[in-house]
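These are the residues of each chain, in order.
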Amino acid sequence: MTTPAGPQLIGTEPPAVRRDRMVQAYVLAALVSATGDTVFTIGLAWTAVHLLAPATAGLVLGIEMLPQALCTLLGGVIADRFDTPAG
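Rules and cut-offs
Residues numbered from 1 in each chain as written. Predicted model: local features only at pLDDT ≥ 70, side-chain atom pairs only at ≥ 80, totals over all residues. Heavy atoms only, no water. UniProt positions renumbered as here; feature names shortened; annotations may be inferred. Helix = DSSP H or I, 4+ residues; strand = E, 2+ residues; numbered from the N terminus. Expected span 1.5 Å × (residues − 1). Polar contact = N/O pair within 3.5 Å; in protein donor to acceptor, adjacent residues only side chain to side chain. Bend = angle between axes of the 7 residues up to and from the residue.

Caption draft 1: Quick peek at the UniProt feature "transmembrane region" (unreviewed entry) in the protein chain. Residues given the UniProt feature "transmembrane region" (unreviewed entry) here are residues 25-49 and 55-79. Within residues 25-49, the helical portion is 100% and the strand portion 0%, while the C-alpha atoms at the span's ends are 36 Å from each other. Secondary structure across residues 55-79 divides into 100% helix and 0% strand, with the first and last C-alpha atoms of the span separated by 36 Å.

Encoded structure:
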């Protein structure tokens, strides 16, 4: 006879995603945030093209994306280095 190696969940199952208010709130907030980021980037590009040369607009957008790229790379390194706490 074998015994399971991991912990067993006892009790009720989690609610379906379509009924979980926390998941719905998170998805809505993530959608609003992504929409705002996209609108900002499009507005910045449009403004840069109309006020500056198109090549300079590319430079402006590259500089605008640099902090996001650095945070993503740094976050990946941190996530790879440290284990998640056992809950």
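Alright, that's what it looks like, and here's the rest.
Caption draft 2: Examining helix 1 (residues 21-51) more closely. Across its 31 residues, helix 1 extends 44 Å between first and last C-alpha, which sits within 8% of the 45 Å expected from 1.5 Å per residue. The distance from a side-chain oxygen at the start of helix 1 to the backbone nitrogen of Met22 is 3.3 Å, and the residue carrying that oxygen is Asp20.

Caption draft 3: Just helix 2 (residues 54-81), in detail. The terminal C-alpha atoms of helix 2, which comprises 28 residues, lie 41 Å apart, in line with the 40 Å expected from a rise of 1.5 Å per residue. By the largest-angle criterion, Met65 marks the main kink of helix 2, which is about 35 degrees, and a proline, Pro67, follows within four residues.

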